[in-house]
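The chain contents come next:
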Amino acid sequence: MVMMFGNAYKNRRILVTGHTGFKGSWLMLWLQILGAKVTGISLPPETSPNHWDLLGLDVESFHIDIRDEDLVRRKIAGLKPEMVFHLAAQPLVRRSYRQPLETWATNVMGTANVLDACRQLEELAAIVVVTTDKCYENKEWVWGYREIDPLGGYDPYSASKAGSELVAASYRRSFFNTPSSPLLASARAGNVIGGGDWSEDRLIPDLVRSVEAGKSLEIRSPNATRPWQHVLECLSGYLMLGQQLLERNKACADAWNFGPDREGNRQVKQVLAALKADWPAMEWRCSDTPQPYEAQLLHLDSGKAREKLLWRPVWTFDEGVAATAEWYRAWLDRGEVVSLNQLQSYIKLAKDRGLSWARDVLS
């Protein structure tokens, strides 16, 4: 057990929705080493292998569909969490074209179901609703989107995540608005990379599958620009935000961006080149097949989190890419899961680089 984030999570009853997913499983690992009494509710993992099963954490885990209002309400009431991290979602753009109603039901009504269950709880102190950088109305401009910019979305996924932001804002204003109410914030991160992701139609998982199969990967949009960051970067932001909510900092009950430095805004082909430098076995080619619409240019402005939370990334872009390649090579070459080692290295470097949340970490 490690002290950090002001020891805010030690012995707290923390619920994570979507804990079997990529981000959720890393968050469960981090909360466990923080000494939290952590529980997860989620659908079963969709892939085999998957990061959740590989971690093998000894925590309570329940398979629940957040679209089931009654079951969500009864389970959350029984767990009596003191804090909720809501990550459960349909997170894939291309799937949202194939299954738009599932996407809307999960991302909008699922969020409403979780928040409505939360408003019945007496001991709940804080909620962080995790959405995405794609919740903004994308104007294909070079400036980073700020929390005050309009929400929107072209594809069903992006629009549904804007909808979940509106649900969160509505519940904050309508129900969590008394001095003793839980504090509710939302968090928007960039394109997340890191070991343990096997989701469909994502750049690095697709690359890993192509390496396993000994094939060259077809790349859809090599010139698209995204804010790339390692999964631990946005999770450190969520945990910093959660700490402030638990400490009753009402100014933090708002929307927050957690994106990379400007150097993390890279074209897909630049990410591929960086990965190949660490993993020469990767091969790809550009596709000439027509694809569903996806935004080509997307940046986040995280100035608010940097100024008010004192949050900033720990790893550089190259360090995050190298850690991602290292994770998959360790798994493919030796069957090793290096998540805990990577998290410990990340925490140590955060302390060495003077980040506020890591000041209490022992050398």
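Values in this document were obtained by computation on a predicted structure and should not be read as measured data.

## Notes on the packing of helix α1 (residues 22-33) against helix α12 (residues 339-352)
Running from N to C, α1 and α12 cross one another at 65°; their axes reach a closest spacing of 11 Å. In this structure, α1 crosses over α12, and the sense of that crossing is right-handed. Contacts between α1 and α12 involve Trp26, Leu29, Trp30 and Ile33 on the former and, on the latter, Ser339, Leu340, Gln342, Leu343, Tyr346 and Ile347. By residue class, the composition of the contact of α1 with α12 is 8 nonpolar, 2 polar and no charged.

## Let's talk about α1
In this model α1 runs 18 Å from its N-terminal to its C-terminal C-alpha over 12 residues, within 8% of the 16 Å that 1.5 Å per residue would give. Burial within α1 is extensive, with 11 of its 12 residues counted as buried. Buried residues of α1: Phe22, Lys23, Gly24, Ser25, Trp26, Leu27, Met28, Leu29, Trp30, Leu31 and Ile33, and no others. A positive phi of about 85° marks Gly35, the residue just after α1.

## Some thoughts on the nonpolar core
Judged by nonpolar contacts, the single largest core of 86 residues is most densely connected at Tyr9, Trp30, Leu31, Phe85 and Trp357. Top element by residues in this core is helix α8 (residues 231-246). It accounts for 10 residues. When residues no more than four places from it in sequence are discounted, the contact partners of Leu31 are Tyr9, Ile14, Val16, Ala36, Val38, Phe85 and Leu239. With 24 residues, the next largest nonpolar core counts Leu15, Ala88, Leu115 and Leu124 among its residues.

Basis of the calculations
Residues numbered from 1 in each chain as written. Predicted model: local features only at pLDDT ≥ 70, side-chain atom pairs only at ≥ 80, totals over all residues. Heavy atoms only, no water. Axes fitted to C-alpha atoms, helices over the stretch in contact; angles between N-to-C directions. Helix = DSSP H or I, 4+ residues; strand = E, 2+ residues; numbered from the N terminus. Left-handed = near helix turned anticlockwise from the far one by under 90°. Contact = heavy atoms within 4.5 Å. Nonpolar A, V, L, I, M, F, W, Y, C, P; charged D, E, K, R; others polar. Expected span 1.5 Å × (residues − 1). Buried < 20%, exposed > 50% of the residue type's maximum accessible area, 1.4 Å probe, protein only. Core = buried A, V, L, I, M, F, W, Y, C linked by side-chain atoms within 4.5 Å.

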